[in-house]
There are 2 protein chains.
Amino acid sequence: MSQKAQRRAYFISDRTGITSESLGEALLNQFDNIDFKRRTYPFIDTPEKARTLITHIQEEVEQDGIERALIFSSIVDSEVRALIRTCPAFHIDFYDTFIDALEAELHTEARRVVGMTHGLHDTERYDKRMEAVNFTLNHDDGISDKELKKADVILVGVSRSGKTPTCLYLALQYGIRAANYPLTPEDLESTDLPRMLKPYRDKLFGLTIDCERLQQIRSERRPDSSYASASTCNREVSVAEEIFHRHRIPFLSSTHKSVEELSASILQASGLKRRF
Amino acid sequence: MSQKAQRRAYFISDRTGITSESLGEALLNQFDNIDFKRRTYPFIDTPEKARTLITHIQEEVEQDGIERALIFSSIVDSEVRALIRTCPAFHIDFYDTFIDALEAELHTEARRVVGMTHGLHDTERYDKRMEAVNFTLNHDDGISDKELKKADVILVGVSRSGKTPTCLYLALQYGIRAANYPLTPEDLESTDLPRMLKPYRDKLFGLTIDCERLQQIRSERRPDSSYASASTCNREVSVAEEIFHRHRIPFLSSTHKSVEELSASILQASGLKRRF
């Protein structure tokens, strides 16, 4: 199928691999004329695991008969890191690259141990996250005034405009208590602000979406319904946007944005601070 | 209070800042004898925004009268990146550091444009994410056999062992359809596998938790209840672990693990592949 050059890319970490993966991806996304076969290997935290992995990588690359692999790694333990380095490949180790310069700049030595500073940090983080996730889950459908009061931010938009995943990402990534107010057909009969939201105008953030995309999403849920029709989608989106304009509610379109982008934008626009 | 040296750390990006933040954090966590004041600035994607930010950083650092700031950045646009570089600070730019070496290795030029390859990628990713998030949300309480069949993985554990946030993270980060089966007091009357789960033994993954920690979490929800008592927590956790052992269900303790760690471990142990 593809006429592109192929390369293998391995994301290796002694922790979750999420950071080396996302940075590696950001770099690889800059090369769209190459077809990368990606694999992530988290928790490579002993010399044994490193040796097994190296053998595996060498076998895969040999079988393919393509150019050497790319290895994006983030490994704190120096023995494991040195082992991974012995694998014939193009190496980028995020830890290795920066830690010496940082030690010099900070006039102090790095701990060079895997993991967080102490358990308490994790527990606090867990609690705040749980609190935010529970808050978001409990307010995803039907909202009470008492609860809107506790929200850090209230996402407002028509059904299927992307509120729920954005709320959940805000909760998981930043510990933000994000409530979610779906504009119902009744709310959209006028451009007044729904009564329940009036006391909380400063917490509101709107989400909108292209009508065609909304139609597509709604059609997957309820094909051939009035809910998914072009006329309903057009009308709902246009009234929702009028409400945002009229009441000066900041808003964004979710059409071409990932939940990461929406969440970071909302955090920035609303001046909210992450809770951990 | 603190006798530690203070430094300011800025995470700057022309996109969400999530990658430069998490990579910067991983590096800073290696220096626990310094008190870092952290700030993240996403979407710095024009020379104007860069200039405003530089002025702001300089003012903050001058006011503090402390050593120069650390700037962790990931900026694709070369003009913006060059501007940020002019800010008197210790700089680490993740893009800049690696892109030349990668171009040489791949015998091709980087696109040097911000963002994903094309819109479709985002749409597909969005759809898979939504599908997974909706799946998880719809199955967080009460599960039907029909739906367990569709799950990629089924997390099993006592109430409040960390199943819900882990399922949501699996859905958001990896597009995995994660269902969640809470072991009820009835299920815990024997060490049999709950009838509903029997056909899906290969998809099961257990979560356990230290009794003390469980007691603490449950007490916040329902103080002084039998549900939160030491004896209930001890009994439930010990029967749950017996079930895992007896039916050879792989399991992890959520006590000292973040949802990122739990999710990466589950993905690895179950051999599941991310869906985007």
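Residues numbered from 1 in each chain as written. Chains lettered and ligands numbered in written order. Predicted model: local features only at pLDDT ≥ 70, side-chain atom pairs only at ≥ 80, totals over all residues. Heavy atoms only, no water.

(A) Seen up close, the pairing of strand S3 (residues 69-74) of chain A. All names here are of chain A. Of all 6 residues in S3, 6 are buried; the element is thus mostly enclosed. The side-chain alternation of S3 yields two buried faces, one formed by Ala69, Ile71 and Ser73 and the other by Leu70, Phe72 and Ser74. As paired elements, strand S1 (residues 5-13) and S3 share 5 bridges and run parallel to each other. Of the residues in S3, the one forming a bridge with Phe11 is Phe72. Alignment of S3 against strand S4 (residues 89-93), held across 5 bridges, turns out to be parallel. When the sheet's bridge partners are listed, Ser73 is paired in S4 with Asp93. Running through helix H3 (residues 78-85), the crossover from S3 to the neighbouring parallel element S4 is right-handed. (Buried < 20%, exposed > 50% of the residue type's maximum accessible area, 1.4 Å probe, protein only. Helix = DSSP H or I, 4+ residues; strand = E, 2+ residues; numbered from the N terminus. Pairing = 2+ DSSP bridges. Right-handed = clockwise from strand over helix to strand, strands pointing away.)

(B) Summary view of the confidence of the model for chain A. The predicted model of chain A averages 90 in pLDDT, with 95% of residues at 70 or higher. The complex model carries a pTM of 0.84, and its ipTM stands at 0.84. (pLDDT = per-residue confidence, 0-100.)

(C) A look at the pattern of salt bridges. Scanning the entire structure with this criterion turns up 42 salt bridges over all chains. Arg246(A) serves as the salt-bridge partner of Asp192(A), at 3.4 Å between the closest nitrogen and oxygen. Pair noted here: Asp192(A) is in the loop between strand S6 (178-183) and strand S7 (204-208) and Arg246(A) is in helix H9 (residues 230-246), with a separation of 54 residues, a long-range link. Take Asp192(A): its relative accessible area is 39%, and that puts it in the partly exposed class. On the accessibility criterion, Arg246(A) (49% relative accessible area) is partly exposed. For Arg38(B), the salt bridge identified is with Glu25(B), shortest N-O distance 2.6 Å. Taken together, the residues Arg38(B) in strand S2 (residues 34-41) and Glu25(B) in helix H1 (residues 18-28) connect sequence positions 13 residues apart. Beyond isolated ion pairs, a larger network of salt bridges with shared partners links Arg7(A), Glu67(A), Arg68(A) and Glu105(B). (Salt bridge = Lys/Arg side-chain N within 4 Å of Asp/Glu carboxyl O.)

(D) Expanded view of the relation of the copies chain B and chain A. With an axial shift of 0.0 Å and an RMSD of 0.1 Å, the rotation relating chain B to chain A amounts to 180°. The transformation just described matches what one would write down for a two-fold rotation axis. Considering only C-alpha atoms, the part of chain B nearest the rotation axis is Thr19(B), at 3.3 Å. Most of the interface of chain B is mirrored in chain A, where 99% of its interface residues again form contacts. (Least-squares fit on C-alpha atoms with pLDDT ≥ 70 in both. Contact = heavy atoms within 4.5 Å.)

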